[in-house]
Amino acid sequence: MSSSNSGGGKDHFWTRRRAPESGRNGDRAEAARATTRGLTEDRKALVERYTIDAETAESHGPHAPVNLLPRAATGQTAAPRANAVILPETRRPELPTVAATDDWAAGGIRRATLSALLILSSAAGLLLVSAADALSRSGHRHGGVPFWLGLFAIFLPVTARLASRTPTRHERVALLVLLGLASYLVKVLRDPFRFLYTDEFVHQYNVLSILATHQLFRENPILPATPAYPGLEAPTAALSALTGMSTFAAGLVISAVARLILMLALFFLYETVTGSGRLAGLAAALYAASPHFLFFIADFSYESLALPIAILALAAALRARPPSGLSGRAWLAVALVLTAGVVVTHHMTSYALIATLLAICLLPLPWVRHRLRRPWSVALVAIALTAAWLTLVARETTGYLSPVLLGALRETIRTAQGEAQVRKLFQSHGGAGQGPAWEHYLAFTAVLIATVGILFGVRAIWRRYRDFPAPIVFALAGIAYVASLTLRLVPAAWETAVRASEFLFVGGALALALFGLWLLERFPGRLVRFGMVAALALLVMGDVISTTPSATRLAEPYRVSVRGGTLIPQAATAAQWAGRVLGPGNRIAAGEADGRFLLVDGRQHVFAGTNPPIATILKTRGFPPWQIGVLHRNGIRYVVTDREPSGGDGANGYYFFRDRRDKALSRARMKFPRVGAEPIYDSGDIVVYDLPVGLMMGGHAPHRRPGTSLGR
């Protein structure tokens, strides 16, 4: 809205929205004239009849149906307050409707045509992404071009439409649903055959355990903390049992529902905090351009479901006060139920929700002279539920999180003091590089755009919403997101910082949306609009590049057709052989990637990683007594070796390097035959050794089952 239509700037979009002060008296007639200055006659009538501000009135067409809050239940028209604002954190009930004229039908046809074009654009984008994945599976190197074009076709038109004044509230919600589901399908097209991300193996194993035993909280040998949070696995197992779906198909459905809830919850939260549907829609769309939104938040993991529930719980907690469509007590009940759902679904998300609620409750606003309602009841219940769950059910969580967080803190301090080496950027934890130099420059540009936009948006939040605690907390979260970018230089902290961005960018997206709307209203020319579209394209590309290695961005061959048959990866084949020949439940030591396949496809009790130090045992040539002691104490009967190196990280899953053999792994695997271990399976790269009973003297390993032989 330009300043010419805002009464000299007094009712401009950027005018500070002040909280009501008790005892404020003013000239109501002058306030009414200030509120309606610059509007057409029909818009003035709306302002006189309904409690809205000039921006809301101007955003509706002359003959469009408008859902607004009536001024008074009686037939008399009350004089408007000064500036006639709608407070943040309060939703306007959609009660009366202004009568529409015949022109509404034409406007509806135009909106329907535009909506159809946006759906067509998203479908074309998915087609391009599918073509890019197909090219990558077949070995072509130029799948990146259709991939980026497909992302642009999905993100840019929808976001540009959401930035406009003309869409109705329902249209904005529908566009966010379209954007969320289309972006989710990008991940599905990448992995259409099975779950392949790191955490997906772990949670699929938990689902299989629930289906097999009909019990919750079953042991998970690779990630013991996950069974204590069954909020994701329980509905997935129920859906699989009720419908006959595979656990993979049921997991895809649950993940799609989680993505749908996420987009709706973001809009709901931003609208609650700001009171603006336009700002809420744009902020939710910009969150979709955040790091890890495309792949990591879309995977089958407990955080992918807990985050949407937490955002919805926060919005309900902020609306747990009149006036609202539901009573304050009803919203409070909804917030408490959703908070309980977060507690039983994911540990870190529950901690982030508590931190946000406490920040809103404790943030001092000494310049506000009236009493503010704070969500203390929800915050206290969240603390009590989390503490009880951590004490009674999820005791393993402390031991799981403490080494990660304390290690990240120590490494950050050492790096800041110059005692530790700085992490090399654009390098995955597993050793995969992240593309050519032009991608690196583009990622730096995206970081610069996000930083500048968030900082300017934080200033806008301060000017417009500093009388309300929730927007200020969101601004602080945006600043924290910018600060967390520096932690990507710390080897032990970069993954923690990247995962924290999922929570912090909720505030960053609001700041970016405010900055974007300020640009659109201050500089309404086409050049600025084109520049914003280009900036959004760079932001989407940069976030994907900076968080997803080029080796894992597109689909890799999983099933290969040869002479009418189908070949699957050696790790999956070995796991299926182990489940079929050895039977489930054997205690097996394996590498991180192979261990995930053995866990899900073979239903084995797998030991992998550094606790116990299986990775060291599989990579070193010698066989010192402490390694034998590790195998003995854990009752490990079989060892799986793989001379094809794998890489991976918690955010991008596991991947294998093409046509590359590791000499160190090949030499290390030979120590097992030297101590009498028998190779009972050999696929070329993967060998399964049966450890001799003498080596495991006093251990828990059973005698070799009869009938096992060398597998091919």
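Everything below is about the structure printed above this text.
Below or above, wherever it landed, is the structure these notes cover. (Residues numbered from 1 in each chain as written. Predicted model: local features only at pLDDT ≥ 70, side-chain atom pairs only at ≥ 80, totals over all residues. Heavy atoms only, no water.)

### Examining the overall build of the protein chain
Helix and strand counts for the protein chain stand at 26 helices and nine strands. When contacts within the protein chain are restricted to residue pairs at least 6 apart in sequence, those whose partners lie at least 24 apart make up 71%. Surface summary for the protein chain: the accessible area is close to 31000 Å², and the carbon and sulfur share equals 62%. (Helix = DSSP H or I, 4+ residues; strand = E, 2+ residues; numbered from the N terminus. Contact = heavy atoms within 4.5 Å. Areas by Shrake-Rupley, 256 points an atom, 1.4 Å probe, with all protein chains shown as cover.)

### Concerning the side chain of Lys 187
Along the chain, Lys 187 turns up in helix H6 (residues 169-190). Within the structure, Lys 187 has its side chain in polar contact with the side chain of Glu 200 (distance 2.6 Å). (Polar contact = N/O pair within 3.5 Å; in protein donor to acceptor, adjacent residues only side chain to side chain.)

### Side note on the nonpolar core
If you look at soluble globular proteins, the nonpolar side chains tend to sit buried side by side. Formed by 125 residues in total, the largest nonpolar core has its most connected members in Phe 147, Leu 151, Val 186, Leu 269, Tyr 270 and Tyr 287. No other element matches the 14 residues that helix H9 (residues 247-274) contributes to this core. What Leu 269 contacts, discounting residues up to four positions off in sequence, is Ile 311, Leu 314, Ala 315, Leu 318, Phe 474 and Val 506. Counting residues in hydrophobic clusters, the runner-up holds 27 residues, among them Ala 572, Trp 577, Ile 588 and Tyr 638. (Core = buried A, V, L, I, M, F, W, Y, C linked by side-chain atoms within 4.5 Å. Buried < 20%, exposed > 50% of the residue type's maximum accessible area, 1.4 Å probe, protein only.)

### A closer look at the environment of Thr 548
As for its placement among the helices and strands, Thr 548 is situated in the loop between helix H19 (526-547) and helix H20 (550-553). You can call Thr 548 buried: its relative accessible area is 3%. Separated by 256 residues in the primary sequence, Thr 548 and His 292 place their C-alpha atoms 7.8 Å from one another.

### What to know about the packing of aromatic side chains
A complete count under the given rule lists 17 aromatic pairs for this structure. Between Phe 268 and Trp 331, the aromatic rings sit 5.5 Å apart at their centres with planes inclined by 35°, giving tilted as the arrangement. A residue pair is termed long-range when its members are at least 10 positions apart, and Phe 268 in helix H9 and Trp 331 in helix H12 (residues 328-343) qualify at 63 residues. We note that Phe 268, like Trp 331, is buried. Between Phe 515 and Trp 518, the ring centres sit 6.2 Å apart and the planes meet at 15°, which makes this aromatic pair stacked. On the criterion of helical spacing, the pair formed by Phe 515 and Trp 518 is a turn pair, its members being three residues apart in helix H18 (residues 494-522). By relative accessible area, which is 18% here, Phe 515 ends up buried. A connected cluster of aromatic rings, assembled from ring pairs, spans Tyr 287, Phe 293, Tyr 481 and Phe 505. (Phe/Tyr/Trp six-rings, centres within 6.5 Å; stacked < 30°, edge-to-face > 60°.)

### Quick word on the side chain of Glu 171
Its location among the elements puts Glu 171 in helix H6. Polar side-chain contacts of Glu 171 include one of 2.9 Å to the side chain of Arg 161. Not counting residues up to four positions away in its chain, the partners in contact with Glu 171 are Arg 111, Ser 115 and Arg 161.

### Remarks on the sheet that holds strand E5 (residues 638-642)
Strand order in the open sheet formed by five strands is E4-E3-E5-E9-E8, and the pairing between neighbours is mixed. Looking at strand neighbours, the two that pair on one side only are strand E4 (605-607) and strand E8 (678-682), the edges of this open sheet. For this sheet, the mean inter-axis angle between neighbouring strands, taken without regard to orientation, is 30°. Seen against the sheet, helix H21 (residues 570-582) touches E5, E8 and strand E9 (686-690) and runs at an angle of roughly 120° to E8. (Pairing = 2+ DSSP bridges. Axes fitted to C-alpha atoms, helices over the stretch in contact; angles between N-to-C directions.)

### Things to note about the pattern of salt bridges
Pairs can form between side chains of opposite charge once their charged atoms are near each other. Following the criterion strictly, the structure yields twelve salt bridges and no others. In this structure, Asp 199 engages Arg 499 in a salt bridge whose closest nitrogen and oxygen atoms are separated by 3.8 Å. With a gap of 300 residues between them, Asp 199 in helix H7 (residues 198-213) and Arg 499 in helix H18 connect regions that are remote in the sequence. The residue Arg 643 makes a salt bridge to Asp 685 at a minimum N-O spacing of 3.0 Å. Here Asp 685 lies in the loop between E8 and E9 and Arg 643 lies in the loop between E5 and strand E6 (646-649), a separation of 42 residues in the sequence. Residue Arg 643 is classed as partly exposed on the basis of its relative accessible area of 31%. Here the salt bridges share partners, and the residues they tie into one network are Arg 169, Glu 271 and Arg 319. (Salt bridge = Lys/Arg side-chain N within 4 Å of Asp/Glu carboxyl O.)

### Quick notes on empty space enclosed by the protein
If you walk through the whole model with that rule in mind, you get seven cavities of 30 Å³ or more. By volume, the second largest cavity amounts to about 100 Å³. Around the second largest cavity, the lining is made up of 15 residues, and of these Ala 288, Ser 290, Leu 294, Val 540 and Val 544 lie nearest the centre. Per-element accounting of the lining of the second largest cavity gives the leading share, four residues, to H19. In terms of residue class, the lining of the second largest cavity is built from ten nonpolar, four polar and one charged. (1 Å grid on protein atoms, 1.4 Å probe; cavity = no way out; pocket = protein on both sides within 12 Å on 5 of 7 lines; lining within 4 Å. Points joined across faces, edges and corners; volume = space filled by probe spheres on them. Nonpolar A, V, L, I, M, F, W, Y, C, P; charged D, E, K, R; others polar.)

### Comments concerning the packing of H7 against helix H8 (residues 233-243)
H8 packs onto H7 with a crossing angle of 55° between their chain directions and a minimal axis gap of 9 Å. By the angle between their directions, the pair H7 and H8 is classed as oblique. The interaxial crossing formed by H7 with H8 has right-handed handedness. On the side of H7, the interface is formed by His 203, Asn 206, Val 207, Ile 210 and Leu 211, while H8 contributes Glu 233, Ala 234, Thr 236, Ala 237, Ser 240 and Ala 241. Broken down by class, the residue content of the contact of H7 with H8 amounts to six nonpolar, four polar and one charged. (Parallel < 35°, antiparallel > 145°, perpendicular 65-115°, else oblique. Left-handed = near helix turned anticlockwise from the far one by under 90°.)

### Describing the pairing of E9
Most of E9 is tucked away, with five of its five residues classed as buried. Neither face of E9 is exposed, since Ile 686, Val 688 and Asp 690 on one face and Val 687 and Tyr 689 on the opposite face are all buried. Across five bridges, E5 lies against E9 in antiparallel orientation. Residue pairing in the sheet places Val 639 in a bridge with Tyr 689 of E9.

### Examining the packing of H9 against H18
Running from N to C, H9 and H18 cross one another at 60°; their axes reach a closest spacing of 12 Å. Relative to H18, the element H9 lies oblique. When the axes of H9 and H18 are compared, the crossing they make is right-handed. Between H9, through Leu 269, Tyr 270 and Thr 274, and H18, the contact on the second element is made entirely by Phe 505, Val 506, Ala 509 and Leu 510. Residues that form the contact of H9 with H18 fall into these classes: six nonpolar, one polar and no charged.

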